[in-house]
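# Summary of structural features
Each chain, written out:
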Amino acid sequence: MKRREFLAASAVAGVAAVCGTQRAAAQGAADNGMPKLTPPEKPAQLNLSLQWGTIPGGEIAQKLDYLEQHGYQAFETPTGGWLLNEGEKLSKAMEGRKLFVATACGGSNFAYAEQEKRDKEVENFLPQIEVLGMLKSVGLIICPARGKLDEEGWLTGSALRRDFVENTGKRMAEHALKHGTCIVLEPLRRGETPFLRQVLDGAVIARDINAQIGGMGAAVMGDFWHMEQEEMEFFGPFVGAGKMLKHVHIASLRKRQVPGVDGDADNYVAGFKGLKLIGYQGAVSLEGGFPKDADKEQLLANMQRLLKEQWAMA
Ligand code: MG
């Protein structure tokens, strides 16, 4: 049995037993020394999402039409100037639609040794957070630190963590809470950052920020692509993050392209079981490329079919 098959098989009993009509029975059933799992009041939903640049179409309305007509529930916007300039237009174009703005995704780094540079990074994001609040977005994706951080000029280790929790991350989260949205911490692969690589670590950083600001201004996300390398499996990190988990990225697990192109490797069932168990209501958003000269729309349709099939299996 391959690792993914084993995970899928071992996780299935748990969620199948605690969802739906068997909920009440399952709540009293954990007398075997295993942690007692509380099934969600509101069942999880598979809200499929695309990043802005991936959505076919040119104008804002065309892209939103495409999403609605092809079974998507959400999308991600770019950050920076695009968000500041197009936010108002996007808000108008969203009127009367069932879609939601999942997140805004772009670069960030809060590890500069110089305080002024870190302050500048925070100040860049504050107006963007206001736009996301206006759009009723789940939140702003933040990767707290990127790069090797092993040369002079960078905060590292516990100094970086403390500064993010008590200064940069806290200031953004406070602002986000005030505007009805969140910062959503994204763990990356070790080649990309030495700082935040695991979903549960991100959940703890977010919790420490929230404890200071008295509300949910910080949350965490999981990206299947990063998790494939950095976590032992997909189920536990999602279940452990629980209500702190607000967003999910997905890609094929060998080439980081649209799910389905890597055949059997693209198995997300164990992760979906975790999302079901926590009653996940956020988006599952494609962050990945396409094979050269591929029929993009055909591959997106394949992805829809594959992810819905695996969600049903979970
Ligand atoms: Mg990602």
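Right, let's walk through the structure included here. (Residues numbered from 1 in each chain as written. Predicted model: local features only at pLDDT ≥ 70, side-chain atom pairs only at ≥ 80, totals over all residues. Heavy atoms only, no water.)

### Description of the packing of helix 5 (residues 115-134) against helix 6 (residues 157-178)
To keep things clear, this is the line we draw: Fitted lines through C-alpha atoms give the axes, limited to the stretch in contact for helices. The angle between two N-to-C directions lies from 0 to 180 degrees. Think of it this way: any DSSP run of H or I at least four residues long counts as a helix, any run of E at least two long counts as a strand, and we number them from the N terminus. Orientation categories follow fixed angle ranges, with anything under 35 degrees roughly parallel, anything over 145 roughly antiparallel, 65 to 115 roughly perpendicular, and all other angles oblique. Working rule for handedness: look at the near helix, and if it is turned counterclockwise from the far one by less than a right angle, call the crossing left-handed; if clockwise, right-handed. When checking whether two residues touch, look at their non-hydrogen atoms; a contact exists if any pair is within 4.5 Å. Polar here means any residue other than Ala, Val, Leu, Ile, Met, Phe, Trp, Tyr, Cys and Pro, which are nonpolar, and Asp, Glu, Lys and Arg, which are charged; Gly is therefore polar.
Where helix 5 contacts helix 6, the axes come no closer than 9 Å and their chain directions differ by 20 degrees. Between helix 5 and helix 6, the angle is such that the two are roughly parallel. In the packing of helix 5 onto helix 6, the handedness of the crossing is right-handed. On the side of helix 5, the interface is formed by Gln 115, Arg 118, Asp 119, Val 122, Glu 123, Phe 125, Leu 126, Ile 129 and Glu 130, while helix 6 contributes Asp 163, Asn 167, Thr 168, Arg 171, Met 172, His 175 and Ala 176. Here the residues of the contact of helix 5 with helix 6 are counted per class, giving six nonpolar, four polar and six charged.

### Re the side chain of Asp 266
The following threshold applies: Burial classes: relative accessible area under 20% of the type maximum marks a residue as buried, over 50% as exposed, and values in between as partly exposed (1.4 Å probe, protein chains only). Charge assignment: positive for Lys and Arg, negative for Asp and Glu; neither His nor the chain ends contribute. Put simply, a salt bridge is a Lys or Arg side-chain nitrogen that is within 4 Å of an Asp or Glu carboxyl oxygen. N or O atoms within 3.5 Å of each other form a polar contact, as long as, within protein, one can give a hydrogen and the other can take it, and as long as residues adjacent in sequence are counted only when both atoms are side-chain atoms.
Here Asp 266 is to be found in the loop between strand 7 (245-250) and helix 10 (269-277). Although Asp 266 is buried, it forms no salt bridge, and the closest oppositely charged side chain is Arg 254 at an N-O distance of 6.6 Å. A distance of 3.0 Å separates the side chain of Asp 266 from the backbone nitrogen of Asp 262, its partner in a polar contact. With residues near it in sequence (within four places) discarded, Asp 266 still touches Ser 252, Leu 253, Val 258, Pro 259, Gly 260, Val 261, Leu 306 and Gln 310.

### What to know about the sheet that holds strand 5 (residues 183-185)
Just so we agree on the cut-off: Two strands make a pair as long as DSSP finds a minimum of two bridges between them.
Spatially, the eight strands close up into a barrel ordered 1-2-3-4-5-6-7-8, and their pairing is parallel. Looking at each pair of strands side by side, their axes are set apart by 30 degrees on average, direction ignored. In the packing of helix 11 (residues 296-313) onto the sheet, the strands contacted are strand 1 (47-51), strand 7 and strand 8 (283-286), and the crossing angle to strand 1 comes to about 150 degrees.

### Considering the coordination of the magnesium ion
Convention followed: The donor set comprises N, O and S atoms within 2.8 Å of the metal, extended to 3.2 Å for Na, K and Ca; water molecules are omitted, so apparent gaps in a site may simply reflect that omission.
Taken together, the protein ligands of the magnesium ion are Glu 186 (OE), Asp 223 (OD), His 249 (ND1) and Glu 287 (OE), with distances of 2.0 to 2.2 Å. Expressed as a motif, the donor residue spacing for the magnesium ion is E-x36-D-x25-H-x37-E. Of this pair, His 249 sits in strand 7 while Glu 287 is found in the loop between strand 8 and helix 11, placing the two residues 38 residues apart along the sequence. You'll find His 249 and Glu 287 in the same group, each marked buried.

### Things to note about the pairing of strand 2 (residues 74-78)
Using the following cut-off: With the strands pointing away from the viewer, any crossover whose connection runs clockwise from the first strand over the helix to the second is right-handed.
Counted residue by residue, strand 2 has four buried out of five residues, so it is predominantly covered. Note that strand 1 and strand 2 share three bridges and pair parallel. Bridge pairing in strand 2 links Gln 51 to Glu 76. Of the crossover connections in this fold, the one passing from strand 1 over helix 3 (residues 60-69) to the parallel strand 2 is right-handed.

### Remarks on helix 5
The following threshold applies: Between the first and last residue of a helix there are one fewer steps than residues, each counted as 1.5 Å, and that sum is the expected span. Two axes enter the definition of the bend at a residue: one is fitted to the seven residues ending there, the other to the seven starting there, and the bend is the angle between them.
Relative to the 28 Å expected for 20 residues at 1.5 Å per residue, helix 5 spans 29 Å between its end C-alpha atoms, a close match to the ideal helical length. The sharpest bend along helix 5 measures roughly 25 degrees and falls at Leu 126, with the proline Pro 127 sitting one to four residues further on. Residues Arg 118, Glu 121, Val 122, Phe 125, Gln 128, Ile 129, Val 131, Leu 132 and Gly 133 constitute the buried set of helix 5. Looking at the buried residues of helix 5, the elements they touch are strand 2, helix 4 (81-94), strand 3 (100-105), strand 4 (139-142), helix 6 and strand 5.

### Describing the environment of Tyr 66
Note that Tyr 66 resides in helix 3. For Tyr 66, a relative accessible area of 9% puts it in the buried group. As a C-alpha pair, Tyr 66 and Pro 56 span ten residues in sequence and 6.9 Å in three-dimensional space. With near-sequence residues (within four places) excluded, Tyr 66 lies in contact with Leu 50, Ile 55, Pro 56, Tyr 72, Glu 297 and Leu 300.

### Here we look at unusual backbone geometry
Phi angles above zero are rare outside glycine, and Lys 136 is one such case at about 55 degrees. Mapping Lys 136 onto the fold places it in the loop between helix 5 and strand 4. In the Ramachandran plot, Asp 293 falls in the positive-phi region, its phi being about 60 degrees despite a non-glycine side chain. With respect to the secondary-structure elements, Asp 293 resides in the loop between strand 8 and helix 11. For Asp 293, a relative accessible area of 74% translates into the label exposed.

### Details of the nonpolar core
Put simply, the rule is: Residues belong to a common nonpolar core when they are buried Ala, Val, Leu, Ile, Met, Phe, Trp, Tyr or Cys residues joined through side-chain atoms within 4.5 Å.
Residues Phe 75, Leu 245, Phe 272 and Leu 275 are the most contacted members of the largest nonpolar core, which totals 75 residues. Leaving out residues up to four positions away in the same chain, Leu 275 has contacts with Ala 44, Phe 238, Leu 245, Val 248, Tyr 280, Val 284 and Trp 311.

### Focus: the packing of aromatic side chains
Applicable threshold: Here is the rule: rings of Phe, Tyr and Trp (six-membered ring for Trp) pair when centre to centre is within 6.5 Å. Planes less than 30 degrees apart are stacked, more than 60 are edge-to-face, and the remainder are tilted.
Scanning the entire structure with this criterion turns up eleven aromatic pairs. Geometrically, the ring pair formed by Phe 110 and Phe 125 is tilted, given 6.1 Å between the ring centres and 40 degrees between the ring planes. Residue Phe 110 is found in the loop between strand 3 and helix 5, and its partner Phe 125 is found in helix 5; the two are separated by 15 residues along the sequence. The pair Phe 110 / Phe 125 is uniform in exposure class, with both members buried. Taken together, a centroid distance of 4.8 Å and an interplanar angle of 75 degrees make the contact between Phe 224 and Phe 234 edge-to-face. In this pair, Phe 224 sits in helix 8 (residues 224-230) while Phe 234 sits in the loop between helix 8 and helix 9 (235-241), placing the two residues ten residues apart along the sequence. The two residues Phe 224 and Phe 234 agree in class, both being buried. Connected via pairs of aromatic rings, a cluster forms that spans Phe 224, Phe 234, Phe 238, Tyr 268, Phe 272 and Trp 311.

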